[in-house]
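Commentary on secondary and tertiary structure
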Amino acid sequence: MPDAMSEGLCWAMSEIRSATKADIPAILRVTEAAREIMRSSGNPKQWTGNYPSAEILEKDIAAGGGKVIEQDGRIVGYFAFLPSPDPTYSTIEGGAWLDDTLPYHVIHRIASVPEVHGIFSRIMEYAFANDCNIRIDTHRDNAIMQHNLQKHGFSYCGIIYLASGDERLAYQKLIHA
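Structural notes, computed from the coordinates. Quick caveat: nothing in here was measured; it's all calculated off a predicted structure. (Residues numbered from 1 in each chain as written. Predicted model: local features only at pLDDT ≥ 70, side-chain atom pairs only at ≥ 80, totals over all residues. Heavy atoms only, no water.)

Quick look at the pairing of strand β5 (residues 133-138)
Each regular strand displays side chains that alternate between the two surfaces of the sheet. A large share of β5 lies buried, amounting to six of its six residues. The alternating pattern of β5 places Asn133, Arg135 and Asp137 on one face and Ile134, Ile136 and Thr138 on the opposite face, and all of these are buried. In the sheet, strand β4 (residues 105-112) pairs with β5 via three bridges, with the strands oriented parallel. The residue of β5 that forms the bridge with isoleucine 107 is isoleucine 136. Read from β4 through helix α4 (residues 119-130) to β5, the crossover connection turns out right-handed. Bridge count for β5 against strand β7 (residues 167-174) is six bridges, and the pairing is antiparallel. (Buried < 20%, exposed > 50% of the residue type's maximum accessible area, 1.4 Å probe, protein only. Helix = DSSP H or I, 4+ residues; strand = E, 2+ residues; numbered from the N terminus. Pairing = 2+ DSSP bridges. Right-handed = clockwise from strand over helix to strand, strands pointing away.)

Listed below in structure tokens is the structure:
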């Protein structure tokens, strides 16, 4: 079976649902796997310490934005899908948002296990089925995420700063009706 076809089947058979507190141990295993992928791909500075912690995941879940991706009853991915406004996106340097007037959703904390492919595509399918204006940011060293964002038609908009002061590359994609 060709790789593209098997990748498509991988994510096509997955289900996205709202995360629960009971999912947190499995989500933490997925985020640890994602952290290892980051380290092996030359991104040692993103997700340091215990980030994202169980407390952060609980906040995502309480806000209704924590999402898990299940395949064959197993959690293989996680992301936060949160409505605007996101305070860290209020100021952007070295560029501008494609549109700064429309409401948007932001995607944070994308994580997946390495053996399941197509998770990013599945997340994008979900996101754009729920909003036509998506913002996302990533660490300068996260080449995998930057590649995926470009592949899926996101535009680089500039630099935003997290509450900690750390910079992130900010992207946006709008789909017009």
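Let us keep going from here.
Some thoughts on the sheet that holds β4
The sheet built from seven strands is open, its strands ordered β1-β2-β3-β4-β5-β7-β6 with mixed pairing. Of all strands in the sheet, those with a lone pairing partner are β1 (15-18) and β6 (155-161), marking the two edges. Each strand of the sheet is rotated relative to its neighbour by a mean of 30°, with strand direction disregarded. Relative to strand β3 (residues 74-83), strand β2 (residues 66-71) runs antiparallel, the two being bridged by six bridges. Paired with lysine 67 across the bridge in β3 is phenylalanine 79. Its contacts with the sheet put helix α2 (residues 24-40) on β2, β3 and β4, and the angle it makes with β4 is roughly 80°. Along the sheet, helix α5 (residues 143-151) contacts β4, β5 and β7; its crossing angle with β5, the most-contacted strand, is approximately 160°. (Axes fitted to C-alpha atoms, helices over the stretch in contact; angles between N-to-C directions. Contact = heavy atoms within 4.5 Å.)

Quick word on α2
Helix length check: α2 (17 residues) gives 24 Å between terminal C-alpha atoms against 24 Å at 1.5 Å per residue, within 8%. When we look at burial in α2, the residues that qualify are Ile24, Ala26, Ile27, Val30, Thr31, Ala33, Ala34, Arg35 and Met38. Check the buried side of α2 and you find it contacts α3 (54-62), β2, β3 and β4. Following α2 by one or two positions, glycine 42 adopts a phi angle in the positive range, close to 90°. (Expected span 1.5 Å × (residues − 1).)

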